[in-house]
Amino acid sequence: MTMTAADDELIRVELAPAAALFRSLGDPTRLAILRRLASQGPARVVDLVEVLGLAQSTVSQHLACLRGCGLVASEPAGRASVFRLAQPGLVDVLAAAEVVLAATGNAVALCPTYGCAGDERVEDTQP
């Protein structure tokens, strides 16, 4: 069966939201925030700053990105906001990723396109 240009475009359009989800998970800081919220529950920015060791502005930018993607939500708590996972299914996504990583060993880290084989490079530096 040969794929037509229309078939290719339909697949691309259908997969675009999933690709955007994985791009949002592709930043180490955003992934660390989500893992922290998944494992320990809601947190304030100051709590995340302490755990991640990053500037408040950096953490806030990443939280804004995750909120814009619909992955986290916040509620006011006095003068602060408390962030939580907006999608409980993220816990399953993160757990599945751990299973895949365990099964593939270092293969993903050694990938010449996206891997981090011993360097400090970060592919996606934009929040």
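Below is a summary of the structure that appears in this document. These figures come from a predicted structure and were not determined experimentally.

1. With respect to the pattern of salt bridges
Counted according to the given criterion, the structure contains four salt bridges. Between Glu9 and Arg12 there is a salt bridge, with the nearest N and O atoms lying 2.5 Å from each other. Here Glu9 and its partner Arg12 are both found in helix H1 (residues 5-25), three residues apart, which amounts to about one turn of the helix. A residue is classified by how much of its surface remains accessible, and Glu9, at 37% relative accessible area, is partly exposed. Between Arg84 and Glu75 there is a salt bridge whose closest N-O contact spans 2.7 Å. Exposure remark for Glu75: the relative accessible area of 32% places this residue in the partly exposed category.

2. Observations regarding the nonpolar core
Among the nonpolar cores identified, the biggest contains 16 residues, and Ile33, Leu34, Leu37 and Leu63 are the most heavily contacted of them. Among the elements of the structure, helix H2 (28-40), helix H3 (45-52), helix H4 (56-68), strand S3 (80-85) and helix H5 (89-104) are those that each provide at least two residues to this core. Setting aside chain neighbours within four positions, we find Leu63 in contact with Ile33, Val45, Leu48, Val72 and Phe83.

3. With respect to the pairing of strand S2 (residues 72-77)
Here S2 runs beside S3; their pairing, made up of six bridges, is antiparallel. Each residue of the ladder has a partner; that of Ala77, found in S3, is Ala80.

4. Things to note about H2
For H2, spanning 13 residues, the distance from its first C-alpha to its last is 18 Å, which sits close to the expected 18 Å at 1.5 Å a residue. For H2, the full list of buried residues reads Thr29, Arg30, Ile33, Leu34, Arg36 and Leu37. Each buried residue of H2 sits inside an arc of 160° when the element is viewed along its axis, so together they form one side. Measuring from the side-chain oxygen of the N-cap residue of H2 to the backbone nitrogen of Thr29 gives 2.9 Å; that N-cap residue is Asp27. Positioned one or two residues after H2, Gly41 has a phi angle of 85°, which is positive.

5. Let's talk about the packing of H2 against H5
Two elements in contact, H2 and H5, have axes separated by 10 Å at closest approach and are oriented at 115°. Judged by the inter-axis angle, H2 sits roughly perpendicular to H5. Note that H2 runs across H5; the crossing there is left-handed. Here H2 contributes Leu31, Leu34, Arg35 and Ala38 to the contact with H5, which in turn contributes Leu90, Val91, Leu94 and Glu98. Here the contact of H2 with H5 is composed, by residue class, of six nonpolar, no polar and two charged.

About the thresholds
- Residues numbered from 1 in each chain as written.
- Predicted model: local features only at pLDDT ≥ 70, side-chain atom pairs only at ≥ 80, totals over all residues.
- Heavy atoms only, no water.
- Salt bridge = Lys/Arg side-chain N within 4 Å of Asp/Glu carboxyl O.
- Helix = DSSP H or I, 4+ residues; strand = E, 2+ residues; numbered from the N terminus.
- Buried < 20%, exposed > 50% of the residue type's maximum accessible area, 1.4 Å probe, protein only.
- Core = buried A, V, L, I, M, F, W, Y, C linked by side-chain atoms within 4.5 Å.
- Contact = heavy atoms within 4.5 Å.
- Pairing = 2+ DSSP bridges.
- Expected span 1.5 Å × (residues − 1).
- Arc of directions from axis to C-beta.
- Polar contact = N/O pair within 3.5 Å; in protein donor to acceptor, adjacent residues only side chain to side chain.
- Axes fitted to C-alpha atoms, helices over the stretch in contact; angles between N-to-C directions.
- Parallel < 35°, antiparallel > 145°, perpendicular 65-115°, else oblique.
- Left-handed = near helix turned anticlockwise from the far one by under 90°.
- Nonpolar A, V, L, I, M, F, W, Y, C, P; charged D, E, K, R; others polar.

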